[in-house]
Amino acid sequence: MGFIKDQFLSVVEWEEWREDMIFWKWSQREIKKGSRLILKPGQDAIFLNQGKIEGIFEQEGDYDIESQIIPLLSTLKGFKFGFNSGMRAEVLFVNTKEFLIKWGTKNQILLPSDKLPGGIPVRANGTATIKVGDYTQLIDTLAGVKTEYYVDNVRELIIGQLDQLLMKWISTEGKDMFNLQANATQISDGIRQDLDMQLSQKGINVPTFAVSSFTYPPEIQAKINQVAAQSFVTDVNHYQQVSMTDAMAEGKLNGGNSTMGSMAEMMMGMTMANQMMNNMNMGMNQQAPQQQMAPQQQAGGGTIPKFCPNCGTPTNGANFCGNCGTKLG
């Protein structure tokens, strides 16, 4: 029975495959004569000897280990299977695809601000992508002590760094603390560079990082909305024009006689009246200096007063007061 058992062919493959698994180790089992390596799409196989890389195989397929694998290994290429002996090895299977991670801050981040004592509380969420980049670093820092590793493990590493990185890059690129979304691209680029530098030490790269949204507590958001509304209403003329346009669009332009449409007409009439009054006042103001510069001249060479000395009515250059009839010149 022992003889027959030893002759069974063994298969080296990723036995516990999961879509969210970054690597899995086929660990310290005996590879027998006639064993095969099976690689599926999106998988790389790394043969290890005492924690060191012996060979990396990247093309999917079904390989005979004795004839196709061992001759390519660094220090084991001379290994020969005996009649009843095998080779003990470790094979690290790596998922080569790019993983998408959705992240969100666990707690509110208090951003320093002179406009709000205690800081501005902000939350953020977004996405990132990760990918295994350096197998040597991966083995030295992670695979050397772990038999499997998941996307969630990397997500925890990212979230653990986010508070500090968000504060750093918001302070650098967040020109308006109450409208951080306007600078989300620059903030995201800075965070991606820092995360990629940190995670590359574990053999993992961060190709992309994006902040989808910044959110404030309801009371802060209400104040932001109020300030935005006040800045809009500051230009009263613009506000009236927009209001009238909206009202006319809802009432008259749609063929209706809505109250808003009537209000728009009334507001337009008031605006026109105000403009007429302003024009009249401007005309009178322009004439007054001219009247003050020289008194009205009478045809005979005498002067005519600007106001009637009897009743005070403006004379407008006449010889007799139009109100009381007093002779003026």
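Residues numbered from 1 in each chain as written. Predicted model: local features only at pLDDT ≥ 70, side-chain atom pairs only at ≥ 80, totals over all residues. Heavy atoms only, no water.

A. Up close: unusual backbone geometry. Unlike most non-glycine residues, Gln50 shows phi in positive territory, near 55°. Tracing the backbone through its elements, the reader meets Gln50 in the loop between β4 (43-49) and β5 (52-57). Under the relative-accessibility criterion, Gln50 is labelled exposed at 75%. (Helix = DSSP H or I, 4+ residues; strand = E, 2+ residues; numbered from the N terminus. Buried < 20%, exposed > 50% of the residue type's maximum accessible area, 1.4 Å probe, protein only.)

B. Region of the structure containing the side chain of Asp44. Checked against the element boundaries, Asp44 lands in strand β4. For Asp44, the side chain forms a polar contact with the side chain of Tyr135, separated by 2.6 Å. Not counting the four nearest positions on each side in its chain, Asp44 is found in contact with Leu39, Phe57, Glu58, Leu92, Phe93, Val94, Thr96 and Tyr135. (Polar contact = N/O pair within 3.5 Å; in protein donor to acceptor, adjacent residues only side chain to side chain. Contact = heavy atoms within 4.5 Å.)

C. Seen up close, the pattern of salt bridges. Tallying each qualifying case throughout the model produces eight salt bridges. Between Asp64 and Arg36 there is a salt bridge, and its shortest N-O distance comes to 3.7 Å. Here the residue Asp64 occupies a position in strand β6 (residues 61-64), and Arg36 occupies one in strand β3 (residues 36-39), the gap between them amounting to 28 residues. Asp152 serves as the salt-bridge partner of Arg155, at 2.0 Å between the closest nitrogen and oxygen. Remark: Asp152 and Arg155 occur in helix α4 (residues 151-173); sequence separation between them is three residues, near one turn of the helix. Given a relative accessible area of 22%, Arg155 falls into the partly exposed group. Each of the salt bridges in this network shares a partner with another, and the network as a whole consists of Arg36, Asp62 and Asp64. (Salt bridge = Lys/Arg side-chain N within 4 Å of Asp/Glu carboxyl O.)

D. Main features of the sheet that holds β3. Pairing is mixed across the open sheet formed by three strands, whose spatial order is β1-β3-β6. With partners counted over all chains shown, the strands left at the sheet margins are β1 (11-12) and β6, one partner each. Taken together, the four bridges between β3 and β6 define a ladder with antiparallel strand orientation. Bridge assignment links Ile38 to a residue of β6, and that residue is Asp62. (Pairing = 2+ DSSP bridges.)

E. Focus on the packing of aromatic side chains. As enumerated under the stated definition, the model contains six aromatic pairs in all. With centroids separated by 5.6 Å and ring planes inclined at 80°, the aromatic side chains of Phe47 and Phe57 adopt a geometry described as edge-to-face. Remark: Phe57 occurs in strand β5 and Phe47 occurs in strand β4; sequence separation between them is 10 residues. Accessibility expressed as a relative area gives 8% for Phe57, which makes it buried. Of the aromatic side chains, those joined through ring pairs into one cluster are Trp14, Trp17, Trp24 and Phe93. (Phe/Tyr/Trp six-rings, centres within 6.5 Å; stacked < 30°, edge-to-face > 60°.)

F. How the structure looks around helix α3 (residues 135-143). Three or more residues of α3 are buried, namely Tyr135, Leu138, Ile139, Leu142 and Ala143. Seen along its axis, α3 keeps its buried residues to an arc of 110°; they face one direction. Measuring from the side-chain oxygen of the N-cap residue of α3 to the backbone nitrogen of Thr136 gives 3.0 Å; that N-cap residue is Asp134. (Arc of directions from axis to C-beta.)

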